[in-house]
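Chain residues, written in single-letter form:
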Amino acid sequence: MKMVQKRSSRRFQRGLLLGAAMGLVATGVATAQELQLEEIVVTGSRIARPELTSSSPVTVVDAAAFEQAGAATVDSVLNELPQIIPALGAFSNNGGNGTATVDLRGIGAARTLVLVNGRRYIPTNGTGTVDLNNVPASLIKQVQVLTGGASAVYGSDAIAGVVNFVLQDDFRGAKASARYGITKEGDGKERNVNLTLGTGSEDGKSNLTLFAEYNKRDEVMAGDRDYSKQAITEGVVNGVPTILFSGSSTSPGARLARGTTVLTWDANGVPRPYNSTRTTTSAGDLYNFSPVNYLRVPQERLSLFAIGNHEFNEHFEIYEEFNYVTNRVPLQLAETPAVIPQPRPGVPPIRINLTNPLLTAATVAQLRTLYPASADPTFVAPPGFTANDYASITTANALSRRMMELGARQQDNNQNAFNSTTGIKGDLIDGWRYDTYFTFGRVTRDVIVRNDVSSARLRQALNATRDAAGNAICVDATARAAGCVPIDIFGPGRISEAAANYVRTDTNRVQEFEQQVWNGSINGDLFDLPAGAVSVAFGGEWRKNKYFDRVDDSIRTGDILGFNPALSTSGSFDVWEGFAETYVPLVSDQPFFEDLSATAAFRYSDYSSVGSVESWKAGMGWSPVEDVNFRAEFQAATRAPNVLELFQGGAVGFPTLNSTVDPCLLSTATNFDRAFCISQGVPAASVGTTAFNNARPTQYQSLTQGAAVVGFDLKEEQSETWTVGAVFTPSFLPELSATLDWWQIKLDDQIGGFGGGAAGVVRDCFVNKNLQSATCQAISRTGDGYLAVVQVPTVNNAGLKTSGVDLGLVWHQDLPESLAIAGEGQYRIKTDVSYRNKLNVQPSVGGTIYKCAGYGGPNICGEPIPKWKATTTFTYQSGPLTASVQWNYIGSWKNDAILFGTNPTTLVYPKVGSYNLFDLSGSYEVVEGVAVSAGVTNLFDKQPPMLPDTMIGSQQNSFTNTYDALGQRFFISTSVKF
């Protein structure tokens, strides 16, 4: 038995060196002893054994990766891993909420479980996702990224895998650091200062680490980069697909449409034909919204952490973790696009009083001609007026105006996060140990929107006449008493400051997520086999998630024109769980069986929302010789619906409208069917015509609600995950180590929007062409035939299947004396490569399966999923100097419009080429305890691909979370440890 233990320990040490080497993106070179200490706890198992290595692939990112990248936020480093598909982050302005999330394998951030020190961390909102801004980059010891379902060990949400942040908890002394960064353009400044204090007893039984950090990040405007300063789309010029200038049809001079007549106004209030012609140099009267938008959102964050423990004796150790983070992330979009009447059922026509003295005679004449109130059977003239005194605009989207005089729309996301864990652990008897803890966390978010427009007050301001002195006054006496100011929206700059202040409205919503977790476990050895001890871990967990989102009356009633209406949300669920895990060494130290072991785990969960749920896993590891270890694992993982999926009151979205979404817009569109479009309510004279497409609104409306709100029964998502791989540490070539892993995730009963979202609802309707189908019934159109509202309840959809191969290589070798500064040193080349051969997405049960591997775009695939991604780092270390060059490779991908039958020859970019990015960084220890680091991110100032709105569905002309959006930038930092 002693011989078995000795050889197992040696195998473990080799595995540790490999695991750390494969995971390190660091530039520093750690000793074997340091690496061993960091790898004793392996994410994916509760069994603590020095012989145990993970049967699932685990990638490790070292603390030095954050230091050498000059990163003050966690997501900026994680997004460089080939296994990660960028989610929300610093470049999520339109559609963002101020948070940063992680999406392992690109199947949704809600399917990646985030842990801190092996325990669940407080989520931020009703989706159950963790805001990575709440994790301090400067306190991270390492990040362990586990591929494959892990529900049997950790519970719900670990469909794609687990990201575990291990924080420093045994720091000694004091360390102060400061960092400053700036772009080549002189904008986007970043400042970060942090202080770490640590103390502990000499025997190591007591430790206390305190950490404080302040971080401030400046905004970068979309107008300050060439690729993002002008809104663009794609069209055909002389038979050739071409990038065209574009913008919003909601213009500063107003836009009024009736049939084929479309007008705008100049600054003098004189109407003229609206020019919506897009060319390679002009967008006519379309408003270029891009320059006003944030490209990268600003941030100001203060973080406080305290981690401590005290061991009274071997049977009783108490530990405590406490953190508080306050985080402010503003968002900014172009001025409010006031579209009236809005395309929602029940919104009445808008009545404009033509006796308003602010209106020019030409404006009055056009309004009276195009929309006479006498033609509106629902119009009733107020006392003292006749139908001839009013225009009644009855067509949705017919009148719109960009409210320039109010200023840009601003959204302040103010977040305070608190999380506290108290636990006890210790030895029981005969090598058995226990660990139990309770975690309480709460995140409150105050979301304030400024410079929106009140629909009700705008209506009152348009209903104005003249008083006896000839002055403009509001007709409604109650509105006058409330401060109503008449308005003229027909022409840029014609809204007075007083009128702007009257129609302006600020909104507020308060969100709070509260999580409580109790967990208790026991682990130890059951009995000995010839190959070693059979180990088990078992225990239980109780968890409760509670969330509310209270919106104010303006949001609830939809009395806003610049942001989306919503209903309040409130709900909670809890779960009791029992779990067990075992490790069985089967054979050891035999020919062709240096080691053969098996692992298994099972978890039973009882949810108040979906009832009983089971998860399990089984794995094996086989080393025919010490140099090679083969590993395989199967996991049946689950994800229960989160609070938002169950209880969302209702959220209105405004997706982009084009012929890819609505085939009725163009006769050349995929799935175009003239008769079917007419049966849906599209005027026969308009169906599929160029004029109908050119006059389209830029957006339509979607309504998303939780399953419980609309009476749907949700059940848990279920997945099957396979991982099969090998670890190579050849003794004849000790400089080389490698891993190779195949993985596959099959997800069933995927929770999401009905039909896969609003575009999916429309697509399914036009594929099946059944007006009585659920998808067709969910669609309503405006009187002019455009998409108005698409209802999207939350349901269990079909699912997806994805698979790929990960390869990791590390070569490290001592430097020759001629290249070493202090006579010794090392260099290391590390490569992580990910190949995605499959991502099959089926949005609805029985619906079409879309093969998204190697594709990207707003139609179905979303953020690009290139088949190849890789990161290679070359590190030089000698004496006080460490230098690093990192190469990030993003493979090519295709436009997902092709998946819907679009001819590639009709697209400007049927394929986006590969992308290479290089970073350079270095650090120098000036004297003991004092180090200076500097670096250049995007060394060669590589620009992101500039893509039209038909490919990205956003307002930044590229996938700015995938590609580098800022260009070349620099950072410098210093740290003092004493």
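Residues numbered from 1 in each chain as written. Predicted model: local features only at pLDDT ≥ 70, side-chain atom pairs only at ≥ 80, totals over all residues. Heavy atoms only, no water.

### Points about the packing of aromatic side chains
Operational definition: Only centres within 6.5 Å qualify two rings of Phe, Tyr or Trp (six-membered ring in Trp) as a pair; their planes then separate them into stacked at under 30 degrees, edge-to-face at over 60, and tilted for everything else. The rule for a charge over a ring is simple: NZ of Lys or CZ of Arg within 6 Å of the ring centre, and within 35 degrees of the ring normal.
Enumeration over the complete set of coordinates arrives at 25 aromatic pairs. A network of ring pairs unites the aromatic residues Trp887, Tyr889, Phe918 and Phe940 as a single cluster. Taking the ring centre of Phe579 as reference, the NZ or CZ of Arg46 above it sits at 4.7 Å. Residue placement shows Arg255 over the ring face of Tyr274; its charged tip is 5.5 Å from the ring centre.

### Re the state of the cysteines
So the rule is basically this: Two cysteine sulfurs form a disulfide in these notes if their separation is within 2.5 Å. Put simply, DSSP marks the helices as runs of H or I at least four residues long and the strands as runs of E at least two long, and each gets a number from the N terminus on. Relative accessibility under 20% of the residue-type maximum defines a buried residue, over 50% an exposed one, and the middle range a partly exposed one, all with a 1.4 Å probe and only protein chains included.
Under the criterion given, the structure shown has four disulfides. The disulfide partner of Cys474 is Cys484, and the gap between their sulfur atoms is 2.0 Å. Its S-S torsion of about -75 degrees marks the bond between Cys474 and Cys484 as left-handed, since a negative value means left-handed. Pair noted here: Cys474 is in strand β25 (residues 472-474) and Cys484 is in the loop between α8 (477-481) and α9 (497-503), with a separation of 10 residues, a long-range link. The class of Cys474 is buried, set by a relative accessible area of 1%. Disulfide pairing is shown between Cys765 and Cys776; the S-S distance is 2.0 Å. For the disulfide bridge between Cys765 and Cys776, the dihedral angle about the S-S bond is near 100 degrees, and by the sign convention the bridge is right-handed. Within this pair, whereas Cys765 is found in helix α15 (residues 758-768), its partner Cys776 is found in helix α16 (residues 774-777), the two being separated by 11 residues in sequence.

### What to know about the sheet that holds strand β5 (residues 161-167)
One key point about sheets: their strands pair by backbone hydrogen bonds, in either a parallel or an antiparallel sense. Selection rule: We call two strands paired when DSSP finds no fewer than two bridges between them.
Reading across the sheet, the five strands line up as β1-β4-β5-β2-β3 and stay open at both edges, with mixed pairing between neighbours. Sheet topology places β1 (58-62) and β3 (119-120) at the edges, where each strand pairs with a single neighbour.

### Things to note about the environment of Gln230
Short version of the rule: A 3.5 Å cut-off defines polar contacts: any pair of N or O atoms within that distance qualifies, except that in protein one atom must be a possible hydrogen donor and the other a possible acceptor, and neighbouring residues in sequence count only when both atoms are side-chain atoms.
As for its placement among the helices and strands, Gln230 is situated in the loop between β9 (220-221) and β10 (232-237). For the pair Gln230 and Phe289, spaced 59 residues apart in sequence, the C-alpha separation works out to 7.8 Å. Among the polar contacts listed, one links the side chain of Gln230 to the backbone oxygen of Ser246, at a separation of 3.0 Å.

### Considering the nonpolar core
Looking at soluble globular proteins, one finds that nonpolar side chains tend to be buried together. Threshold: We call a set of buried residues a nonpolar core when its members are Ala, Val, Leu, Ile, Met, Phe, Trp, Tyr or Cys and they connect through side-chain atoms within 4.5 Å of each other. Whether two residues touch is decided by their heavy atoms; if any such pair falls within 4.5 Å, the residues are in contact.
In this structure, Phe66, Val74, Leu78, Ile140, Val143, Phe165 and Leu839 are the most contacted members of the largest nonpolar core, which totals 65 residues. Those residues within four positions of Ile140 in sequence are excluded, and the remaining contacts are Ala63, Phe66, Val74, Val135, Phe165, Val166, Leu167 and Gln168. Within the second largest apolar cluster, 36 residues are counted, among which are Leu367, Ala500, Val503 and Leu561.

### A few points about the pattern of salt bridges
Heads up, the rule is: Throughout this description, the term salt bridge denotes a Lys or Arg side-chain nitrogen within 4 Å of a carboxyl oxygen of Asp or Glu.
Under the criterion given, the structure shown has 36 salt bridges. Asp226 is paired through a salt bridge with Lys229; the nearest N and O atoms lie 3.4 Å apart. The exposure class assigned to Asp226 is exposed, which follows from its relative accessible area of 64%. For Lys229, a relative accessible area of 39% gives the class partly exposed.

### Structural notes on the side chain of Glu717
With respect to the helices and strands, the residue Glu717 is situated in strand β35 (residues 717-728). Looking at Glu717, its side chain comes within polar contact range of the side chain of Arg111, at 2.7 Å.

### As for α15
The buried count for α15 comes to nine of 11 residues, which makes it a mostly enclosed element. Looking at the buried side of α15, the elements it contacts are α12 (674-679), β34 (701-705), α16, β38 (779-781), β39 (787-796) and β42 (850-851).

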